[in-house]
Amino acid sequence: MKNTIIIKKNYEFKNFFSKGKFFYGENIHMYIHKNKINFNKLGIAISKKQGKAVERNRIKRLIRENYKNYEDKIGVGNNIIIIVNKNKKSENIEYYGIQKDFENILSKAGVLK
């Protein structure tokens, strides 16, 4: 993730939740907001109700890997927050389901080059 900064602060998440535009998929949801800097910011949010730490970290790894595949196709200057669908069980979330959601959501949002 060469052109991306990871969001970790709570106030940054709250700011992007309030200003971002919401898009949803089957496995993940996204808030996307334009920024005025020459790189993207990425935040991943997953509830503790989703499962134990091992399961949550596996899902975060899958999301990060999918983001790496799409990073070159996404235009710069976006704040992206990815939220895992809390109605899906963590063992039912797979790599290709997340990949399909990424493709659909990013094309809907119009952030692909």
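Conventions adopted
- Residues numbered from 1 in each chain as written.
- Predicted model: local features only at pLDDT ≥ 70, side-chain atom pairs only at ≥ 80, totals over all residues.
- Heavy atoms only, no water.
- Buried < 20%, exposed > 50% of the residue type's maximum accessible area, 1.4 Å probe, protein only.
- Helix = DSSP H or I, 4+ residues; strand = E, 2+ residues; numbered from the N terminus.
- Pairing = 2+ DSSP bridges.
- Right-handed = clockwise from strand over helix to strand, strands pointing away.
- Arc of directions from axis to C-beta.
- Contact = heavy atoms within 4.5 Å.
- Phe/Tyr/Trp six-rings, centres within 6.5 Å; stacked < 30°, edge-to-face > 60°.
- Lys NZ or Arg CZ within 6 Å of the ring centre and 35° of its normal.
- Core = buried A, V, L, I, M, F, W, Y, C linked by side-chain atoms within 4.5 Å.

**Concerning the pairing of strand β4 (residues 40-45)**
Residues in a regular strand project their side chains so that they alternate between the two faces of the sheet. Summarising burial for β4: 5 of the 6 residues are buried, a large majority. Where β4 and strand β5 (residues 78-84) come together, 5 bridges link them in parallel fashion. By the bridge assignment for β5, Gly 43 is matched with Ile 81. Each parallel crossover has a hand, and for β4 linked through helix α2 (residues 53-70) to β5 it is left-handed.

**A short note on helix α1 (residues 10-19)**
Those residues of α1 that sit buried are Glu 12, Phe 13 and Phe 16. For α1, the angular spread of buried residues about the axis comes to 100°, placing them on one side. Exposed and oriented more than 90 degrees from the buried face of α1 are Asn 10, Tyr 11, Lys 14 and Ser 18. For α1, the secondary structure elements touched by its buried residues are β3 (28-34), β4 and β5.

**Quick notes on the packing of aromatic side chains**
In the structure shown here, the tally under the stated rule is 6 aromatic pairs. Both rings, one in Phe 17 and one in Tyr 31, keep their centres 4.9 Å apart while their planes meet at 70°; by these two values the pair is edge-to-face. Separated by 14 residues along the polypeptide, Phe 17 in helix α1 and Tyr 31 in strand β3 bring together distant segments of the chain. Above the face of the Tyr 24 ring, Lys 108 is positioned so that its terminal group lies 5.5 Å from the ring centre.

**Observations concerning the nonpolar core**
Side chains of a nonpolar character, in soluble globular proteins, are inclined to be buried together. Ranked by size, the top nonpolar core spans 22 residues in total, and within it Ile 28, Met 30, Ile 63, Ile 80, Ile 82, Phe 102 and Leu 106 carry the most contacts. Listed by contribution, the elements that provide at least two residues to this core are β3, β4, α2, β5 and α3 (95-109). Here the element with the most residues in this core is α2; it accounts for 5 residues. With residues up to four places along the chain from it excluded, the contact list for Phe 102 reads Ile 28, Met 30, Ile 63, Asn 66, Tyr 67, Tyr 70 and Ile 82.

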